Amino acid sequence: MSFVLLLHIVFTQQVVNAFFYEQYGKVLVFAGLNVLMFPVALWIYRRERNVRDEGEG
Amino acid sequence: MMEQDQEKRDRNGSRVPYDEDNYTHNIRKDNERNLDRRSFLKTMAGAAGVFAISTLPWGAIAAKYLVNPSKRTYPVKKLAALDAMKAGDAIEFVYPGEHDTALLVRLSDQEFKAYHNACTHLKCPVFWSKEKDELVCPCHHGLFDVHTGKPTAGPPRRPLPEIELSIENGAVYATGVKRYEA
């Protein structure tokens, strides 16, 4: 999960950088990646929650 | 015997429940559940969502530019008359906005170069040094090649943004800013 968040930070930084240098294709790629990362984060969260529920019985 | 039956109190008047010497009874555990594994992960997922949403406006603006690649238009501005500058001279001007200071250098009779003169290191103003034949940033001794705008020495690593020029009717005009690719 921390790794996902790290990727978010990196992608956001790349988006802003690419935008500054007017490389709009790159902006779209990283913005898309950033949006795609959110379901991944959600999936990890759900998986962890379910593991815990099972553990608690 | 009497002493043991009495409720024990420490120096601050707090009750000492057990006759123990490790003093763990005064550790408050009431807020323990506020930072358990699940809420931590929930916070992380929420932060991920914030990141995802925060990049959407950037993406939207970028998509707009990609779909409609209207080239930014710049005003045409007269900088100097040809006979007002000798070869090796430089003048300062602002273009396109009033805070975008720039430098026009006459290299030879027909060769002019103009760059935004904010150093790409820490935005110090860059000057034209006729003796050194280079653009000099006095703050940290950054040097730029006057023909290309590329840095040749010192801390700057990116070139100066170049301004497009045209020479018409005996005067130099600024017509635009070159697309910055670095």
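Residues numbered from 1 in each chain as written. Chains lettered and ligands numbered in written order. Predicted model: local features only at pLDDT ≥ 70, side-chain atom pairs only at ≥ 80, totals over all residues.

A.B. asks: What should I look at first to understand the interface of chain B and chain A in this one?
C.D. replies: How big an interface is tends to be stated in terms of the accessible area lost upon association of its parts. Across the contact, 24 residues belong to chain B and 25 residues belong to chain A. At the level of secondary structure, the elements contributing two or more residues to the side of chain B that touches chain A comprise α2 (37-54) and α3 (56-67) of chain B. Per-element accounting of the side of chain B that touches chain A gives the leading share, twelve residues, to α2 of chain B. In the side of chain B that touches chain A, the residues fall into 15 nonpolar, four polar and five charged. (Contact = placed C-beta atoms within 7 Å. Helix = DSSP H or I, 4+ residues; strand = E, 2+ residues; numbered from the N terminus. Nonpolar A, V, L, I, M, F, W, Y, C, P; charged D, E, K, R; others polar.)

A.B. asks: Mind showing me how you'd approach the sheet that holds strand β6 (residues 134-137) of chain B here?
C.D. replies: To summarise the sheet geometry, strands pair through backbone hydrogen bonds and adopt either a parallel or an antiparallel arrangement. Residue and element names in this part refer to chain B. With respect to topology, four strands assemble into an open sheet ordered β5-β6-β7-β8, the strand pairing being antiparallel. In the strand order of this sheet, the two ends are held by β5 (127-129) and β8 (151-153), each with one partner. Here the strands of the sheet are splayed against their neighbours by 40° on average, with no regard to which way each runs. Here strand β7 (residues 142-144) pairs with β8 via two bridges, running antiparallel. Looking at the pairing, Phe 144 lines up with Pro 151 of β8. (Pairing = 2+ DSSP bridges. Axes fitted to C-alpha atoms, helices over the stretch in contact; angles between N-to-C directions.)

These figures capture arrangement, not role.
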